[in-house]
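A closer look at the structure
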Amino acid sequence: MSHRHSDSSLDDKLLEGRFHSELRLDAQGNPESGLPLVRGPLQGRSNAVFQHDTPEPQPSSPEDTGPRTVILSTQSPVALKKGTEQLIPRSLAVSSKAKTPARHQSFGAAVLSKEAARRDPRLLPAPSFSLDDMDMGPGGPLARNLRSQSYRAAMRGLGVPGGEVAPVHLSPKLHALAEESTQPPARNAAKNKKILSRKRAHKGSFKDDPRFYQEIRERGLNTSQESDDDLLDEPHSPEGTRRVDTPIVVQNYRAPQVTWSQLPEVVESGILDTLPAEERKRQEAIFEILTSEFSYQHSLGILVAEFLQSKELRATMTQTEHHHLFSNILDVQSASQKFFEDLERRHKEQVCVDDISDILEEHAERHFHPYVAYCSNEVYQQRALQKLTSSNAAFREALREIEKRPACGGLPMISFLILPMQRVTRLPLLTDTLCLKTQGHPQRYKAASRALKAISKLVKQCNEGAHKMERTEQMYTLHTQLDFSKVKSLPLISASRWLLKRGELFVVEETGLFRKLASRPTCYLFLFNDVLVVTKKKSEDSFVVQDYAQVDHIQVQKVEAAEPCLPGGGNRSSSVPHPFQVTLLHNSEGRQERMLLSSDSASDRARWITALTHREQQGQGPRSKGDLPQVETVKAYFAKQADEISLQQADVVLVLQQEDGWFYGERLRDGETGWFPEDFARSITNRVAVEGNMRRMERLRVETDV
């Protein structure tokens with residue numbers, strides 16, 4: 001950074017010295033004695049910024065022709081203006097701030113400026129002035145380099161030697177040049193590759209500036225068909241190409257700090273000039289797994305150093321709570337460390353890495369088992385954190401002080417606790433990207449496919465471990481809370497049974513089950529994957545079972561509030577905003593029982609109907625999903641009820657149903673379904689990205705058996 005600033009300062013001094021020499025100014029910037037001064041209108045080419053207020057003057061007479069005299073910018077009518085309207089030619093101004101040379105400007109800026117110049121050549125800016133544009137002559141003074149046009153562009157406002165240019169009459173004020181709101185033209189992939197081959201090398205190692213894993217999004221998660229050159233040049237927008245005037249709604253993550261093409265050893269080797277495009281893309285995919293693992297490891301280190309090892313935080317909880325909160329995070333950190341060391345060792349062996357599929361497969365099968373134990377503990381972790389934050393003031397205060405530390409980057413502890421779940425669910429997508437980049441090489445593709453299957457199997461074990469632990473504990477708890485004294489007992493605990501949804505509903509039609517209850521009775525339903533249990537709530541942890549029926553013997557029908565089947569007519573319907581009917585075809589006594597129920601909201605009714613008919617939906621077989629809308633989660637969401645789904649940031653979900661601020665969807669990476677709030681996701685409108693997501697889902701289901 002300091003070297004760049006010193007170069008800019010030297011540029012400014014050389015520029016000032018050259019102008020003093022060419023314009024014959026003394027050290028204070030005043031004209032040397034004997035220099036003729038002519039006060040007159042500034043001559044030069046018309047500039048689009050200035051507006052003509054007067055008609056063009058008559059051509060000059062022959063008497064006026066003669067040797068042209070240089071008009072100093074400090075003595076021109078424009079320079080002599082007073083106040084806020086004082087103007088000087090922009091090309092003669094020397095910026096006091098370090099300015100990046102034009103040849104190093106971003107590709108996006110270059111495209112926009114070139115497009116503007118194409119539409120109006122007068123808007124083409126003069127190139128920046130730098131040491132590279134000048135040659136030192138043998139006599140000592142600065143001599144012009146033939147490839148530089150900077151000085152000629154700077155002096156263009158003083159007139160073109162050897163030709164007559166009509167004077168320009170300037171208006172007293174500037175008019176703003178309207179920015180173009182049209183979309184820039186499509187970018188040329190070939191041009192991008194040329195830019196990439198000239199990219200400046202990244203100084204130092206990718207380890208010098210580690211970023212929080214919570215703040216990055218690996219490019220391997222993208223399914224857009226946009227070229228890799230674009231992805232390397234600037235961060236990718238999940239919605240594809242944006243209009244220039246479209247605001248960015250969400251910006252929660254950024255790409256890793258350096259790409260493979262920017263590494264000093266890669267740039268200095270000159271391999272980019274001869275390396276095929278497909279091989280370069282494969283190297284980028286390999287390198288991204290390495291850099292993202294380092295970023296993940298960096299965030300894990302903060303979790304251990306700032307939270308796990310904090311004596312202040314440890315003193316506010318019991319040993320059991322501490323274990324539930326952090327589980328085996330040290331084992332996870334150790335597994336990540338070994339994985340990164342193997343990746344880095346392979347990276348240092350050669351500039352172009354041959355393959356890392358064997359490393360991925362080996363660690364997924366032999367060293368990543370701590371992830372299964374950590375994910376299985378998730379239900380206890382969330383419960384412990386909720387209990388401590390809601391009822392332990394000392395814990396809240398200690399946690400607040402730790403989260404304020406600069407090392408934590410303003411991120412909450414929960415964002416660090418879910419890191420292993422985030423990493424293990426992203427690895428299959430990163431490995432799938434590696435598979436795509438090796439399709440032209442059969443042996444490498446076969447090895448990458450084996451690695452993908454091994455990692456997908458690990459993720460499946462993590463999901464099953466978390467579900468099994470949660471379901472087992474849940475069934476044992478419900479077994480103690482449900483009272484079957486009024487009906488035939490039902491053996492509740494079973495390895496193949498789990499809870500789908502529970503909740504309280506209003507009973508609209510007073511059937512035999514609720515005829516003796518209050519004027520507006522309620523019932524509490526427990527819906528399992530194979531049986532529906534109807535209860536009456538006595539307390540928060542006690543429920544009296546009224547009836548039950550197998551899910552296969554249930555019929556559900558949505559009822560509108562205005563329909564005449566509602567008891568009480570129109571007046572009653574106004575108090576029953578979201579009714580639906582449940583019929584038990586074969587209840588606990590073998591009889592048919594009908595219940596007309598009502599929920600508080602349209603979304604709650606939709607969620608109950610979806611849960612009660614889940615068997616029917618499964619029996620319909622696979623449905624065409626190509627036309628379903630897709631959304632991408634912009635921040636993590638933790639399921640609060642049994643029918644909801646937990647999502648990680650950047651998860652892609654197929655929307656199966658939408659109701660009153662809620663989505664019911666299928667998670668792309670593993671096929672899990674559930675409800676989640678609309679606020680946690682945004683729509684994917686780019687058709688190319690949508691089709692790419694569908695192809696990836698189909699490929700993952702076939703390749704990994706998920």
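The structure presented is a predicted model; accordingly, all values stated were derived computationally and were not measured. (Residues numbered from 1 in each chain as written. Predicted model: local features only at pLDDT ≥ 70, side-chain atom pairs only at ≥ 80, totals over all residues. Heavy atoms only, no water.)

**Points about the packing of aromatic side chains**
For clarity, the cut-off: For Phe, Tyr and Trp, where Trp contributes only its six-membered ring, two rings pair if their centres lie within 6.5 Å, and the inter-plane angle classes them as stacked under 30 degrees, edge-to-face over 60, or tilted in between. Only DSSP runs of H or I reaching four residues or more are called helices, and only runs of E reaching two or more are called strands; each is numbered from the N terminus. Partly exposed describes any residue whose relative accessible area lies between the buried limit of under 20% and the exposed limit of over 50%, with all areas from a 1.4 Å probe on protein chains only and scaled to the type maximum. Lysine NZ or arginine CZ positioned within 6 Å of the ring centre and within 35 degrees of the ring normal marks a charge as sitting over the ring.
According to the stated counting rule, one finds 13 aromatic pairs in the structure shown. With a centroid separation of 5.4 Å and 35° between ring planes, the pair formed by Phe294 and Phe340 is classed as tilted. Taken as a pair, Phe294 in helix H7 (residues 277-308) and Phe340 in helix H10 (residues 329-349) lie far apart in primary sequence, 46 residues in all. Comparing Phe294 with Phe340 shows no difference in burial state: the two are buried. Aromatic side chains Tyr664 and Trp675 sit 5.2 Å apart centroid to centroid with 40° between the ring planes, which places their arrangement in the tilted category. On the criterion of sequence distance, the pair formed by Tyr664 in strand E13 (residues 662-667) and Trp675 in strand E14 (residues 673-677) is long-range, its members being 11 residues apart. Assigned by exposure class, Tyr664 and Trp675 land together as buried. Here the aromatic cluster, defined as three or more aromatic residues joined through ring pairs, consists of Phe212, Phe307 and Phe416. Its end group placed over the ring of Trp498, Arg471 keeps NZ or CZ at 4.1 Å from the ring centre. A cation sits over an aromatic face here: Lys501 above Trp608, 5.2 Å from the ring centre.

**Points about the pairing of strand E6 (residues 531-539)**
Heads up, the rule is: Two strands make a pair as long as DSSP finds a minimum of two bridges between them.
Note: strand E5 (residues 522-528) against E6, four bridges, orientation antiparallel. Residue pairing across strands places Tyr524 opposite Thr535, the latter belonging to E6. Here E5 hands over to E6 after two residues, the two strands then running antiparallel side by side. In terms of strand pairing, E6 meets strand E7 (residues 542-550) through eight bridges, oriented antiparallel.

**Quick notes on the confidence of the model for the protein chain**
Applied cut-off: A residue's pLDDT is the predictor's confidence in that residue, given on a scale from 0 to 100. Any pair of residues with heavy atoms lying within 4.5 Å of one another is described as a contacting pair.
For the protein chain, the average pLDDT comes to 74, and 61% of its residues sit at 70 or higher. Segment residues 37-57: pLDDT under 50, and 51 contacts once partners within four positions in sequence are set aside and those in other chains are kept. Low confidence marks residues 121-199, where pLDDT is under 50. Its contacts with residues over four positions away, or in another chain, come to 132 contacts.

**Here's the deal with the packing of helix H11 (residues 357-366) against helix H17 (residues 442-481)**
For clarity, the threshold we go by: To get an axis, a line is fitted to the C-alpha atoms, and for a helix only the part in contact is used. The angle between two axes follows their N-to-C directions and goes from 0 to 180 degrees. Every angle not falling under 35 degrees, over 145, or within 65 to 115 is termed oblique; those three ranges are roughly parallel, roughly antiparallel and roughly perpendicular. Crossing chirality is assigned from the near helix's rotation relative to the far helix, an anticlockwise turn below a right angle marking it left-handed and a clockwise turn marking it right-handed.
Viewed as axis vectors pointing N to C, H11 and H17 meet at an angle of 25°, and their least axial separation amounts to 8 Å. By the angle class used here, H11 and H17 are roughly parallel. Handedness of the H11/H17 crossing: left-handed. Side by side, H11 and H17 meet where Ser357, Leu360, Glu361, Ala364 and Glu365 of the first sit next to Arg444, Ala447, Ala448, Arg450, Ala451, Ala454, Ile455 and Leu458 of the second.

**Remarks on the environment of Thr433**
Structurally, Thr433 can be placed in helix H16 (residues 419-437). By relative accessible area, Thr433 is classed as buried at 10%.

**Thoughts on the packing of helix H13 (residues 378-391) against helix H14 (residues 393-403)**
Packed helix pairs are specified by the crossing angle of their axes together with the interaxial distance, meaning the distance between the axes. Where we set the bar: Residue classes follow a fixed rule: Ala, Val, Leu, Ile, Met, Phe, Trp, Tyr, Cys and Pro count as nonpolar, while Asp, Glu, Lys and Arg count as charged, and any other residue, Gly among them, counts as polar.
As a packed pair, H13 and H14 sit with axes 6 Å apart at the nearest point and diverge in direction by 100°. Classified by the interaxial angle, the pair formed by H13 and H14 is roughly perpendicular. Facing H13, whose interface residues are Leu385, Leu388, Thr389, Ser390 and Ser391, H14 presents Ala393, Phe395 and Arg396. A breakdown of the residues in the contact of H13 with H14 according to their chemical character gives four nonpolar, three polar and one charged.

**A look at the nonpolar core**
Going by this rule: Buried residues of nine kinds, namely Ala, Val, Leu, Ile, Met, Phe, Trp, Tyr and Cys, make up a nonpolar core once their side-chain atoms join them within 4.5 Å.
Formed by 67 residues in total, the largest nonpolar core has its most connected members in Phe307, Leu313, Leu325, Phe326, Phe395 and Met413. Considering every element that reaches this core, the biggest residue donor is H7, with 13 residues. In this structure, Val534, Ala549, Phe580 and Trp608 belong to the second largest nonpolar core, which totals 20 residues.

**Comments concerning the sheet that holds strand E15 (residues 681-683)**
The strand order E14-E13-E12-E11-E15 describes an open sheet built from five strands, whose pairing is antiparallel. Of all the strands in the sheet, just E14 and E15 have a single pairing partner and so form its edges. Averaged over all adjacent pairs, the angle separating strand axes in this sheet is 45°, with direction ignored. One ladder, built from six bridges, connects strand E12 (residues 652-659) with E13; its direction is antiparallel. If you follow Val653 over to E13, its bridge partner there is Arg667. Seen against the sheet, helix H19 (residues 602-612) touches E12, E13 and E14 and runs at an angle of roughly 110° to E12.

**A few points about unusual backbone geometry**
Of note, Ala650 is a non-glycine position whose phi angle comes to about 80°, a positive value. By secondary structure assignment, the location of Ala650 is in the loop between strand E11 (630-633) and E12. A relative accessible area of 10% places Ala650 in the buried class. In this structure, Asp660 is a non-glycine residue whose phi angle is positive, near 50°.

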